[in-house]
Structures are given as structure tokens and as C-alpha cells.
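Summary of the model geometry
The chain contents come next:
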Amino acid sequence: MALKIFELDPSLESVSGQIFDRINGYKWWKEELVKQEGGIEQFAEGYKTFGFNRGEKDNVKGAFFREWLPNAKQVFLIGEFNKWENTTALTSEGFGRWVVFLPDKEDGTPMVPHKCQLKVRVETPEGQMIERVPAWTKLAWQDHTTNLFNGVNWEPAKEDQYTFVHKRPLNPDNLKIYEAHVGMASVEAKVATYADFARDVLPRIKRLGYNAVQLMAVAEHAHYGCFGYHVTSFFAPSSRQGTPEELKMMIDTAHSLGIVVLMDLVHAHASSNALDGLAQQDGTDHCYTHGGPKGHHTEWDSKIFHYTKYEVLRFLLSNVKWWLEEYKFDGFRFDGITSMLYQSHGIGKGYTGGYHEYFGDDAEIESHIYLMLANDLIHSVLPSAITIGEDVSGMPTLCRPVEDGGFGFDYRLAMAIPDMFIKLLKEGTDDAWDMGHITHTLTNRRYKEKVIAYCESHDQAIVGDKTLAFWLMDAEMYTGMSIKTQPQASLVVDRGLSLHKMIRLLVLGLGGEAYLTFMGNEFGHPEWIDFPRPENGWSHDKCRRRWDLAEDVHLRYQFFQAFDELMQACENRFKWLTSEEQYVSLKDNKDKVIAFERGGLLFAFNFHPCQSYSDYQIGVGWDEPMRCVLDSDESRFGGQNRLEHGHVNVFPVLGGFKERPHSVKLYLPARTAQVLVKESVLQGGIRILLAESFLAGHGLTSADGVVLQLETVKDGKKEVAPMKFEGGCVELAQTSNATFALVGPTGDILKCGASKDELFRVYFPGDYTISGKGYLENTPAKA
């Protein structure tokens, strides 16, 4: 039977030979692992064999310690427990494995106690004695007297181990990712902790409407300024932010808020730092990595894994399973896989879409096989897992299932989109923008291969680059944001605010099947990222996030954030990201207008810097009146409120126009965007339900006795209207938006876990369920 990839794209038949090279290689490994290990899942449990593991030998309790050091002549375990002396020798088991059994002391305590720091001392083939951090260590701490890292035996007492409480959230079909770095997520100039992030940032992410957080720099990395991309200890969470148990708590807190947690996984390379990392682990340059030039990435100054060497494959696949099972991550963003896909690592190459660029002598088949195996494993261990490939080349079949002949990723990053907008802002004025070019870039993706759209990520925020807000407003990010001293925004700030909102809505509306932003960019964060280094006096001043700016009512940053929050709320309610229906009905370069339909909504953008249009006719595909539910010109977003009429009045449907069966006439002010929905969808008001998970968290078995206190305004004064749940539901039939509190049967406030003031907020008509720790879902939930 023909593979699905050839049915979807028959032109792939011309390169089927190389495609089958990787497919057959993948199948060979699957079969080999069944024969040798019992299957890929059992193979990927190396952490149960290597490193420290409790066990017995000759009826004596203790711990086994193993490492894979194939070229070592002698190996010793050294550390605080033996005063760093060569008194604990490991024995070769063959196949490069070295082991020692460490019997418990007479009092029953382990020979190597919890938190004990250690290393392995290795005699190289040349007879040199070197010290290495154990490859399988589950924690590493920096010795501040030497600045080098040591492995740590992390085995807390049972009562001190974190126990997960909350279920994993369901895989969101409208994936919206908040990319974050825990260490720099504080207002203060310091390294923030996992506890800080759980308390201060996770509720903020949920309030903004994102349903996933993508964590950078999770695995230990000796150099803080590498953003986590030069990993030194692959099984150890970064110790700068706290303990492994605190990381588990943070992930569990995210789950309690319905937030999926993704890890930025770096398997494309390893740090070349041999003193703290994997490089030259046994004294040779070909232990975990390729030897010679093949094993060195010249642009990154890092080492390349030998992906199909048996124990290296075990190490990497075990690493994947470890993070899924031990820490309950819900998936991964595989970093830098363009480097893995090609022997050239993509260096100096441009990719235009020709299949000769992807399939040929440059293809790195062993890496292709590894990526197929990794995706297969991830989706076997956790069927709901999300995997994302960061590939700039556009490799065909990357996001098709393994069983279809693809690499197995669920999404790829649409990396051309941010590049396009930076180029537009850097090289010309917006009156010269080509609407056709913009819409082509946003829609240019392979059929049935999902992409994550974004207009900027951490790449644009680091020192040496600029965010969209910086390109748009530059120095006025600092001088033009005060409403108090400058009630009227300058022309630069007015343009910047307008285009910032429009670009983000355009990308969310048209760019893909999922969306991503980097923390702080949603409110136009005014400072770049510059990690502590000698050149800045080891300062953390530019390695933090100024959340306070977006919360200051006297600053215009609040408008950027308010729009992003409502934009996400709008998508959460109408879920256009899940719709395959997408039709660009207008891309008028003269008028600078873009209009498209998606998921039963109409999006209209006027990018003209000064020309507004009345009764501008746009073709649509449905015969229903529409109403505006979101526009970038609302006063709460720093706009002029010129489109208020469309929020309270419907737009009648007119006759066919420009190849569409129907049409509508709209007012399009310059530099504004608006979203219209069919009037029928907005009927019925708001219904609020309480999920079992929310009730159980407050010791309740039903909604009986719970009161919804709806905020209303009468004669300019705020009032509260109490409403009881009937049949587990409160209906606000005539309401299109609502702010309310919940009061339990005993009078206690049932807080919103994602709100600044404990209140719940709904912005659009529809059904909403309050779940988990107190967050709103846009469809009724069972639990």
C-alpha cells in the first residue's frame, strides 16, 4: 500500500529512494530494539540502569552506579563521600559499561548520600587522568570556588519528594504558546526561581489567554548566557532556578491552570565544554559525538551527536522519556533541527522549495532516523504529546506521522514570518509594503502539515537584534509611553501601536494552525535581553522582564497587552486556528487592504498609513449579517473608537462581489483591523458551568449553594447582582460580556486562579466552564 505522504504529494515519488532510506533505517532500528531490548520503550529507560539506581547485590542493599565510557582504561567514582580520592573503582562490564556497587552503611544510610557532589575520574587511552561530570547525572551544581560543575546524587527522602496532584491538560486543538525563560522572568534584576514563576508568571500566562508554555533552558548548561542551547547535563534540570522538586511543583501548577508545558529540547548538538559536559567524556573526541570535523559544528562551536551509535541512541531516547515521565512535560520543541537534517547543517544554504535541496548528498540520514524514532517514542509514551520542529529549510514530510512516512512532528515553526516582518520594518516604510507578498508568506505552507505562526520569538529579543516594537518605535519606547506627560501619542508611537496590533492579529488569523509569542513581547517590552557577562559587569539588569510596565495605568504598554489579551480571548471563543477553511478574498496593494475568511469569521485590515475608506465592499462566502467582535481601534487598546458602530449594529449582507457569492460594506479607518462574526453565532448570551475539578478543589460535590455575583453598572454606579446555579449552570441570556465573582456555600470567595483581582471575566457570548484551579474554558468540561 502506498504511503500517505505520496498520496498527499505525488511529486515526492521522484525522491522516494532517499525517503525509503530513512524509513527502512527506522524500521530496522525498531525491529533490532525489539530483539535486543524488548522494544523502543524499554530501550529508552537507560536512566534505570545508568547513573545511580537503588538495588541489591548478594542480599545487601545499596546503589549501583554505571557510566558508559567505551575508551576508558580505568574509572573511579570520586566525591564528597570519599574525599575525592581514587578509593571507589568501577569495574568494566564490557561494551563500554563501567559499574560499581555501593553497599549501604551499617546504619542503613546510603554510602553516597542525598545531595552528595561527585564526578568520575577516568584514565584515557593515553594514560591521562581526567575528571568528568557523570553523563547520566540527575542534577549538577556549580562549585563557586572553581566555577566548575559537579554531579549531584539527588535522592530526597520519600516525604520530601514532590507528588504530582493535577492531571495533564488535554492537548489543545488551538495551540497558543507562551515562550518563556524561568531565570529571566522576574521584574527584579536576579535569577528568578521555579517558585517565582509558578506564583507570578503562570497565572499571567493563563489570564492572557495562552494554553501552553514553552520553557527554554531547562536542561543544565554551564554558561547561563547561552540561553540554554549549550547543554552540559542532559538529565539535570537547571539548578540556578531551584531544585528538581520545585520544577515538578511548577509544572504541576501549570497543569492546575490548564496550561500544557513544553520543553525546549536540545538534541541537535552538545556543549563543547568537556570539563562540565559530554564532550570527550572518555578522553576521546568520539564517545557520544562524532570524531573529527564531522563531530564539530563550526558556527555554534559545539559537538554533534553520533545518533545511530547504540548507547548514544539509548542516551538520547532515554532523555526524551525521562522528561516526559519524571517531570510530566507534555511535549517538546526540538531546537535547531535544520542542523540535524543536513550534513552541511544548513550553513550557507538557501532553501527555495526545490526537492533537490532536501534530498541528495547533503541529507543526513542517521539524524532523520533518530528524529523518526524520537517522535515515535514520544507519541507512544504519551499519545497526547506535542512535538515541534524548528526547521528553517521547510523539509517536506516533517510534520506527517511516522506511519505515513513522515518524520512525526505535530508542528513546525513558520520561521519565514518573523524574518519577513523584520525585513519590511528594517528596509522600508509601510506604505511600500506589498500585500500580496505578505499574504503569500503567511499562507505558504505544505498541505496537511501544521505550522506555528509567530511574528517574533526570543531570537528577536536578544541583544544585537530588535523586537517589532523596537523596530517600530525605537527611542520613543522610552520617551513616548507616558500618558500623563504626553496625553496625545506622538506620530511614531501612534504608528507603532497601530501596526504592532495589526501584525499580531494578522499572524494569528492567517499564519498557521497554532501561535507563539515570547514573554513580554505581547506588550512591546522596551528592553532587549542581555545575559550577565564581563562586558556588562555581570549585570542582570537587561536579563529580566518588566511586567510592571504593562500594569501601569499611566503608560501605553497597557494598550499593547490589553489588545493581545482580547485577541487571544477572541480566538479562544471562536477557535479559528482549528479551521481548515481559509480564503484570502482581498489583497489590494493600491488600497493596502487585506481581507480573508477563516472559521466563519471575516478579518479586514487597512494598512494604509493615511487613507480611510467608507463603505468598502468585501466579498464573503456566507449569506448572514455580521457584527464586529474585535477591532484594533477600540479605546481600551489606545485607539480612537471609530468602529464602535459595528459592535452594536449588524452589517447586512449584500450581493456577490469579486468571485464571492455575497459581500459586506465596511468602514476601514487607516491602520486598523477588525474581526466580524455571523450574528447567529452571537445569540444566546453567556452560560457559566462549574467543572468537577473546580468544585473538588474547594471540597464541593455540586454547584448547589454557589452564588455568581455579576458586576453591573446602574446610573454610573457599580452594583452586584447575585445569581444561583440551577442545574449546575448560570445563564446570562442578555449579556455579551461579564465580570463576576463566585461565592461558596459558606460565604468564602472561590477565586479565579488566573486573575489579578480574583474575578472572572468573559468577553464574548458563549458557553464557559470553570475548571481546575479556577480558570475559564470555552467549552463545557467533564472534569
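Structure: see above.
Attention in this report is confined to the structure presented alongside it. (Residues numbered from 1 in each chain as written. Predicted model: local features only at pLDDT ≥ 70, side-chain atom pairs only at ≥ 80, totals over all residues. Heavy atoms only, no water.)

**Things to note about the sheet that holds strand E34 (residues 738-743)**
What the 4 strands build is an open sheet, ordered E32-E31-E34-E35; its pairing is antiparallel. Looking at the sheet topology across the chains shown, the edges are occupied by strand E32 (717-724) and strand E35 (760-762). Between one strand axis and the next, the sheet turns through 35° on average, direction left out of account. Bridging between strand E31 (residues 707-714) and E32 involves 8 bridges; their strand directions are antiparallel. From the neighbouring strand, lysine 714 faces E32, where its bridge partner is lysine 717. (Pairing = 2+ DSSP bridges. Helix = DSSP H or I, 4+ residues; strand = E, 2+ residues; numbered from the N terminus. Axes fitted to C-alpha atoms, helices over the stretch in contact; angles between N-to-C directions.)

**Points about the pairing of strand E13 (residues 233-237)**
Most of E13 sits out of view: 5 of its 5 residues are buried. Sheet analysis places strand E12 (residues 219-220) next to E13, joined by 2 bridges and oriented antiparallel. The residue bridging alanine 219 from the neighbouring strand is proline 237, located in E13. (Buried < 20%, exposed > 50% of the residue type's maximum accessible area, 1.4 Å probe, protein only.)

**Quick word on the sheet that holds strand E29 (residues 672-678)**
Strand pairing in a sheet is mediated by backbone hydrogen bonds. Such pairs are either parallel or antiparallel. If you trace the 5 strands from one edge of the open sheet to the other, you get E23-E24-E25-E29-E27, paired in antiparallel fashion. The outermost strands of the open sheet, each flanked by one partner alone, are strand E23 (582-588) and strand E27 (626-631). Mean inter-strand twist for the sheet, computed between neighbouring axes without regard to direction, equals 20°. Bridge count between E27 and E29: 5 bridges; the pairing is antiparallel. Residue aspartate 631 lies in a different strand from E29, and its bridge partner there is glutamine 674. Strands E23, strand E24 (593-598), strand E25 (601-606), E27 and E29 of the sheet are contacted by helix H14 (residues 491-510), whose axis makes an angle of about 35° with E24. In the packing of helix H16 (residues 557-574) onto the sheet, the strands contacted are E25, E27 and E29, and the crossing angle to E27 comes to about 140°. (Contact = heavy atoms within 4.5 Å.)

**Notes on unusual backbone geometry**
One non-glycine residue, lysine 83, lies in positive phi territory at about 60°. The topology assignment puts lysine 83 in the loop between strand E3 (74-79) and strand E4 (91-94). Residue lysine 83 is classed as exposed on the basis of its relative accessible area of 68%. Positive phi values are uncommon outside glycine, yet phenylalanine 95 reaches one of about 55°.

**Brief notes about helix H10 (residues 435-443)**
Every buried residue of H10 is listed here: Met435, Ile438, Thr439, Thr441 and Leu442. The arc that holds the buried residues of H10, viewed along the axis, is 160°, so those residues lie on one side. Looking at the buried positions of H10, the neighbouring elements they touch are helix H9 (416-427), H14, E23 and E24. N-cap assignment for H10: the residue whose side-chain oxygen lies 2.9 Å from the backbone N of glycine 436 is aspartate 434. (Arc of directions from axis to C-beta. Polar contact = N/O pair within 3.5 Å; in protein donor to acceptor, adjacent residues only side chain to side chain.)

**Considering the side chain of glutamate 449**
Position of glutamate 449 among the secondary structure elements: in the loop between H10 and strand E21 (451-453). Within polar-contact distance, the side chain of glutamate 449 engages the backbone nitrogen of threonine 397 at 3.0 Å. Within polar-contact distance, the side chain of glutamate 449 engages the backbone nitrogen of leucine 398 at 3.3 Å. Other than its neighbours up to four places away in sequence, glutamate 449 contacts Met395, Pro396, Thr397, Leu398, Cys399, Arg400, Arg412 and Glu513.

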